[in-house]
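# Remarks on the overall topology
Take a look at the letters that make up each chain.
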Amino acid sequence: MGVEYARYLVAKGNAFSPSAVAVAKLVERLRKDKWIAGGGQAVTTVENTFGNDLRAKLAASTAPLPASVSAEWLEDPDREELRMVWRVEPSAPLSRYPLTRRPDGAVSPTFELHRAHDYVYPICETIEAIPTTCVCGEDLGFHWDEEEVVPAFGASSGIFAECEACSRTFDPTKGSAVLTNPFDGTKTPTRGGAAYRFALKVDCGKRFVADPGLAFAPELVSLVEDEFGREFFEVGAAY
Ligand SMILES: [Zn+2]
């Protein structure tokens, strides 16, 4: 088991990719309901012209989020792969803790919204990969080549949403992967695995309660399901 923990909220069926208007509305509602507060950061995939200069790579891929995240801002083609990140500040009395159990002492997990055209797939020992071969035989799996780009999504691989060879749309639910609860080892075969084009992620880092029942706060899941009118499922990841 890893020593850090993150949790993903993904739409059932995996393929869901909300419109810019819908994402902007969600951000507004999360703020209104106090799940996020303060300024966030926008991380996008950018061309790597910086070699191994980590500081320059970070500076180029990260920018402050606008005070109000609008549909126009989200629709910018430069933001096709976007990770919006807010720090859940432990000292901010107005912020709510996004998981069911909050560890004692100071915690400051990140609250993130991920959006991409192609599928994102977390690389993690508790999350098995899904088959990525198209019906025509083409492998749709890819890795963001860190020599070429600074990827928005860390520790993830990608799966093309459409096959270049035959134009078929990739359906992750045709395959299955075993998702393992990092705290009690329960294995759950899951159609589509952890593939997503849109996800809410909470990254706890090293500070979390190692409870097999650890989940997203039910009110947070209800908010997201209500906003998009569909069901979501949860994936926990130790890394
Ligand atoms: Zn194909």
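In this text, all values refer to a predicted model and were calculated from it rather than measured experimentally.

## A word on the overall build of the protein chain
The secondary structure content of the protein chain amounts to 4 helices and 13 strands. Every one of the 239 residues in the protein chain was classed for burial, and the buried ones make up 51%. For the protein chain, the computed accessible surface area is about 11700 Å², with 50% contributed by carbon and sulfur atoms. Taking the 25 positively charged and 35 negatively charged side chains of the protein chain as two groups, their mean positions are separated by 7 Å.

## Considering the coordination of the zinc ion
Those donors, C134 (SG), C136 (SG), C163 (SG) and C166 (SG), are the protein atoms that reach the zinc ion, and they lie 2.2 to 2.3 Å from it. Coordination at the zinc ion comes from 4 donor atoms whose angles at the metal span 105 to 112°, giving a geometry best classed as tetrahedral. Sequence spacing of the donor residues for the zinc ion, all on one chain, is C-x1-C-x26-C-x2-C. Within this pair, whereas C136 is found in the loop between strand 6 (110-122) and strand 7 (141-142), its partner C166 is found in the loop between strand 9 (156-159) and strand 10 (176-180), the two being separated by 30 residues in sequence. Judged by relative accessible area, C136 falls into the partly exposed class, the value being 38%.

## Observations concerning the pattern of salt bridges
Where charged atoms of side chains with opposite charge meet at close range, the side chains can pair. Applying the stated rule across the entire model yields 12 salt bridges. The residue R7 makes a salt bridge to E234 at a minimum N-O spacing of 2.8 Å. You can see R7 sitting in strand 1 (residues 5-11) and its partner E234 sitting in strand 13 (residues 232-238), a full 227 residues away along the chain. Overall, the relative accessible area of 11% leaves R7 in the buried class. Relative accessible area serves as the criterion here: at 27%, E234 is assigned to the partly exposed category. The shortest N-O distance in the salt bridge between R101 and D211 comes to 3.2 Å.

## A short note on the pairing of strand 10
Direction of pairing for strand 10 relative to strand 11 (residues 187-191): antiparallel, over a ladder of 5 bridges. Looking across to strand 11, one finds that S176 is bridged to R191. Here strand 10 folds back onto strand 11 in antiparallel fashion, the turn holding 6 residues, of which G185 has a positive phi close to 75°.

## Quick notes on the packing of helix 1 (residues 20-32) against helix 4 (residues 218-228)
The geometry of helix 1 relative to helix 4 is characterised by a closest axis approach of 10 Å and an angle of 150° between their N-to-C directions. Between helix 1 and helix 4, the crossing angle belongs to the class labelled roughly antiparallel. In this structure, helix 1 meets helix 4 at a crossing whose hand is right-handed. Judged by residue contacts, A22, K25, L26, R29 and L30 of helix 1 engage L220, L223, V224, D226, E227 and F228 from helix 4. When grouped by side-chain class, the residues that make up the contact of helix 1 with helix 4 number 7 nonpolar, no polar and 4 charged.

## A closer look at the nonpolar core
Counting residues in hydrophobic clusters, the biggest one holds 42 residues, and the most contacted among them are L30, L74, M84, F111, L113 and L200. For this core, the secondary-structure elements that each account for two or more residues are strand 1, helix 1, helix 3 (71-75), strand 5 (82-87), strand 6, strand 12 (196-205) and helix 4. Here this core gets 6 residues from one element, more than from any other, and that element is helix 1. By size, the runner-up hydrophobic cluster in this structure holds 31 residues, among which are Y119, I127, F153 and L179.

Scoring rules and cut-offs
- The residue numbering used here restarts from 1 in each chain and proceeds along that chain's sequence as written.
- Two thresholds apply to this predicted model, a pLDDT of at least 70 for residue-level local features and 80 or more for giving and counting side-chain atom pairs, whereas whole-chain, interface and lining totals are computed over all residues.
- Hydrogens and water are ignored here; the side-chain numbers use all heavy atoms of the structure.
- Secondary structure is summarised from DSSP: a helix means a run of H or I of at least four residues, a strand means a run of E of at least two, and numbering begins at the N terminus for each.
- Each residue's exposure class comes from its accessible area (1.4 Å probe, protein chains only) as a fraction of the maximum for that residue type: buried when under 20%, exposed when over 50%, partly exposed otherwise.
- Computed with a 1.4 Å probe, the accessible areas rest on the Shrake-Rupley method; for each residue, only the protein chains presented here act as cover.
- Working convention for charge: Lys and Arg count positive, Asp and Glu count negative, and His plus the chain ends are omitted.
- Lysine's charge is taken at NZ, arginine's at CZ, aspartate's at CG and glutamate's at CD.
- With water omitted from the atoms examined, metal sites may look incomplete; donors here are N, O and S atoms no farther than 2.8 Å from the metal, or 3.2 Å in the case of Na, K and Ca.
- Square planar and octahedral assignments, for four and six donors respectively, both demand that opposite donors be over 155 degrees apart and that all other angles lie between 65 and 115; tetrahedral needs four donors with all angles between 85 and 135 degrees, and anything else is irregular.
- The rule for a salt bridge is simple: a side-chain nitrogen of Lys or Arg has to be within 4 Å of a carboxyl oxygen of Asp or Glu.
- By definition, two strands form a pair when at least two bridges between them are found by DSSP.
- Geometry is summarised by axes, namely lines fitted to C-alpha atoms with helices restricted to the contacting stretch, and by angles between N-to-C directions that run from 0 to 180 degrees.
- Note on angle classes: values under 35 degrees are labelled roughly parallel, values over 145 roughly antiparallel, values of 65 to 115 roughly perpendicular, and the remainder oblique.
- Take the far helix as your reference; a near helix turned counterclockwise from it by less than a right angle gives a left-handed crossing, and one turned clockwise gives a right-handed crossing.
- Every residue pair with non-hydrogen atoms within 4.5 Å of one another is taken to be in contact.
- Side-chain classes are defined by residue name, with Ala, Val, Leu, Ile, Met, Phe, Trp, Tyr, Cys and Pro counting as nonpolar, Asp, Glu, Lys and Arg as charged, and the others, Gly among them, as polar.
- Residues enter a nonpolar core if they are buried and are Ala, Val, Leu, Ile, Met, Phe, Trp, Tyr or Cys, with the set joined through side-chain atoms within 4.5 Å.

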